[in-house]
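Coordinate inspection notes
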Amino acid sequence: MSVTDPCELPADRKRGSNFGWSLGMVLRRWHERVEELLKDLPHGSRGYHILAVVVHEEVPTQGALAARLAIDRSVLTYVIDDLANAGLIERRPDPQDRRARRVVATERGRQTLAEAERRVAHAEDHVLGGLPEEQRRVFRDLAARAAEAIHAAAPATDPCVAVQSVLPPADQAS
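Read on for a plain summary of the structure. (Residues numbered from 1 in each chain as written. Predicted model: local features only at pLDDT ≥ 70, side-chain atom pairs only at ≥ 80, totals over all residues. Heavy atoms only, no water.)

1. Focus: the side chain of R136
With respect to the helices and strands, the residue R136 is situated in helix 6 (residues 133-153). Of the residues examined, R136 reaches a relative accessible area of 16% and is grouped as buried. Excluding residues that lie within four positions of it along the chain, R136 makes contacts with D125, L128 and L131. (Helix = DSSP H or I, 4+ residues; strand = E, 2+ residues; numbered from the N terminus. Buried < 20%, exposed > 50% of the residue type's maximum accessible area, 1.4 Å probe, protein only. Contact = heavy atoms within 4.5 Å.)

2. Quick notes on the pattern of salt bridges
Opposite charge on two side chains makes pairing possible when the charged atoms of those side chains draw close. The final tally for this structure, using the stated rule, is 18 salt bridges. Across the pair R91 and D81 runs a salt bridge whose closest N-O atoms are separated by 2.7 Å. Here the residue R91 occupies a position in strand 1 (residues 89-94), and D81 occupies one in helix 4 (residues 73-85), the gap between them amounting to ten residues. On the basis of relative accessible area, R91 is assigned to the partly exposed category, the value being 28%. Taking relative accessible area as the criterion, D81 reaches 32% and is therefore assigned partly exposed. Close ionic contact of R140 with D125 constitutes a salt bridge, the shortest N to O distance being 2.9 Å. With R140 in helix 6 and D125 in helix 5 (residues 107-127), the pair connects residues that are 15 residues apart, well separated along the chain. Each member of the salt-bridge network shares a partner with another, and the members are D40, E115, R118 and R119. (Salt bridge = Lys/Arg side-chain N within 4 Å of Asp/Glu carboxyl O.)

This is the structure in structure tokens:
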């Protein structure tokens, strides 16, 4: 019976590969490109993610939206205020509970999101341009699955705070 070295890498991993560095590089490039493309949207990528969930998912209330996106409710409130002031969403009373508010996209919000999604998809294709199209699709799918599993295990983790803690300020990036 042979004992394997717990520090030995699996055969399919190259010595010196660094998963965290790889993710950080992809995330940094995505963030740089997408924030520039979404600068006209209130709160940039954070506003984009909120608007996308409001348009594409059935989230019953503002509280459920905060839980779904793992965003602190107080932060979500001011982002929603700014999206509402821009005419992209509106708050409506929940028919089942008048104390609760549903967040609903306006027609302008749906149109704005559709255009933003086209721009983001183009940016993502550019960020992942070193991969063939099929590998880009697989990468996106696997990243989404991993993110959902992580969110399910730690639903209170705010992804925007996590990103900010990983990426140094742009003026320090090289």
